[in-house]
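Here is what each chain is made of, one letter per residue.
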Amino acid sequence: MIGKQRIWQTSVLGLLLASFSLFSVLYMEQIERWMLEWFMVLRPGTMISSLWQSPAMDINVDLYIFNWTNSEKFSDPTVKPRFEELGPYRFTERMQKVNVEWHDENSTVSYRRRSRFDFDPKLSVGRPTDPIVAPNLLIVGLYQKMVMWSPMLRSLMLLALNIYGKEQAMIRPASDWMFDGFDTPMIKMSKMVPPSLVPEMKFPYEKIGYAYPRNGSMEIYGHHNVYTGRDEFQKLGQIARWRYNNVTEASPRCKLKGSAGEFHPIPLVKGRPISYFLPDLCRELQVDYSGTTIFEGIDAFVYRGSARNMANGTDNPDNSCYCQDNCQEVRSGLLNISSCWYGTPVFASYPHFFKADPYYGEQVEGMKPDKDRHEMVIMLEPKTGMVLEIKARIMANLLVEPKTHLIYRTARRTFFPLIWADYNVRITDDLLVYVKLMPILEFVGKICGILGVVLGLLMVFWYPHQMIWQKSLMHKIEISSIETNSSLEPVKNNDVEDSPLLKGLQYAAAKDGAGNGN
């Protein structure tokens, strides 16, 4: 006989197994999300934090520089500036986060970013020694700043520009315009003036250049403070403070927001844009949702840079807070990033004024916007927000306006294209294997859950079924036994009556009775 305790234990265990398995099948997505949140939250010493501090992915950066081919005709307002694109100059960026500090009191982590750019001559078309002609970036910036100076200081600066600032254009090797930078007589002169006496004359760096001093410097990107996601997972990787403030100096009414680059609020939602805080732009940049695709066998969400993302505050109210007070709004297609260039009137756009107002491309010659080469495209895995591929393309432009002083008196108001960068990031093969395993593990989990439900139900009903079957079998045996016994009794009586011995005794008794009667 089966013990009652064994039956009770097996039934309870089966009930627990079936309940847990059914729960896992019905709430598989919620369980996956909980596990992802637990794994992805930034904590000291975890694997995800190590990957975050030192990403395994190398970033390929292709730089294209515009060479001003008719600079000698700059004073003629009827002649459009003509540009020739040189490049690409291929660099490999290796990024690392240093001086990491964890702040448990508000669930944030602070760091500084340091990037190393190594030139790759094999994948480059241009050479570092290529001569590049460009407008005098330093003088244009000084003219912009002089508007706010006192009359006396402005007069002194004009006197200095008469001596050191007569060049309309500057000719330097490509390497100087990129990461190496170069000195100028104006910068040398400014070093002789005590900053305490004339603080406006202080230059932020000892050289100038489009990408100087990004190579190996921590200062240019500034101090970052991002959320770890511990208290509120949707804030994971979102910017909290930059350069110790939650707003930028140039746009104090715009709260900092956007991803610092590695994480996005998950799961991603169809139709909803993603946003990045880019220190190179000193502001947030949104990228609109475009659709879905298959990337290396993986479902992916596609985001593309749209005209709305680069629109002015009139066409896109989301950008309105970046142009206030004395800001002069420009036509859609350019973003004012002068604060990132220390007051120099620099504007960001897509390369070759792609998706910008036609006005910009009509002011210069040599622009050839191309969707395949100039569109910003980002692909993300929707459940984890993991980057599958990024093609981020941004161009820097210098605004040159007519001035009443010196070299720019007869200049036409023109946005000069300077340089554009094509950042290419692709998930590594090792990480791609893990991403591909996720749907397989999800399918296996559902199958195991279903099997667990079936096994649990078998365990619950096995012994009761056995007991019912045994009772039924015993009942059948008893009935069969009774029927067999009842059928055997008459058979035995008939055998006795038909016995020869019994018949012989009956015959002898009858014969004796007849003899006595005689």
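Right above here is the structure, for reference.
On a predicted model such as this, the values are computed, not experimentally measured, just so you know.

The rules behind these values
Residues numbered from 1 in each chain as written. Predicted model: local features only at pLDDT ≥ 70, side-chain atom pairs only at ≥ 80, totals over all residues. Heavy atoms only, no water. Phe/Tyr/Trp six-rings, centres within 6.5 Å; stacked < 30°, edge-to-face > 60°. Helix = DSSP H or I, 4+ residues; strand = E, 2+ residues; numbered from the N terminus. Buried < 20%, exposed > 50% of the residue type's maximum accessible area, 1.4 Å probe, protein only. Lys NZ or Arg CZ within 6 Å of the ring centre and 35° of its normal. Disulfide = S-S within 2.5 Å.

1. Structural notes on the packing of aromatic side chains
A full pass over the atoms with the stated rule returns 24 aromatic pairs. With 6.3 Å between their ring centres and 50 degrees between their planes, Trp52 and Trp102 make a pair best called tilted. On the criterion of sequence distance, the pair formed by Trp52 in helix H3 (residues 47–53) and Trp102 in strand S2 (residues 83–103) is long-range, its members being 50 residues apart. Take Trp52: its relative accessible area is 3%, and that puts it in the buried class. By relative accessible area, which is 25% here, Trp102 ends up partly exposed. Measuring from ring centre to ring centre gives 4.3 Å for Tyr64 and Trp420, while their planes differ by 5 degrees; the resulting arrangement is stacked. Of the two residues, Tyr64 sits in strand S1 (residues 59–68) while Trp420 sits in strand S15 (residues 414–426), which places them 356 residues apart along the sequence. This pair shows no difference in class: Tyr64 is buried, exactly as Trp420 is. Grouping aromatic residues by their ring pairs yields a cluster made of Phe347, Phe353, Tyr359, Tyr360 and Phe415. The ring of Tyr322 carries Arg283 above its face, with NZ or CZ at 3.8 Å from the centroid.

2. Focus on the state of the cysteines
One pass over the structure, following the stated rule, counts two disulfides. Between Cys254 and Cys321 runs a disulfide, and the two sulfur atoms are separated by 2.0 Å. With the S-S bond torsion at 130 degrees, the cross-link from Cys254 to Cys321 turns out right-handed. Of this pair, Cys254 sits in the loop between strand S7 (239–242) and strand S8 (274–278) while Cys321 sits in the loop between strand S10 (298–304) and strand S11 (335–336), and the two are 67 residues apart along the sequence. Residue Cys254 shares its accessibility class with Cys321, and that shared class is buried. A sulfur-sulfur distance of 1.7 Å marks the disulfide that ties Cys282 to Cys340. With the S-S bond torsion at 115 degrees, the cross-link from Cys282 to Cys340 turns out right-handed. Of this pair, Cys282 sits in the loop between S8 and strand S9 (283–295) while Cys340 sits in the loop between S11 and strand S12 (346–349), placing them 58 residues apart in sequence.

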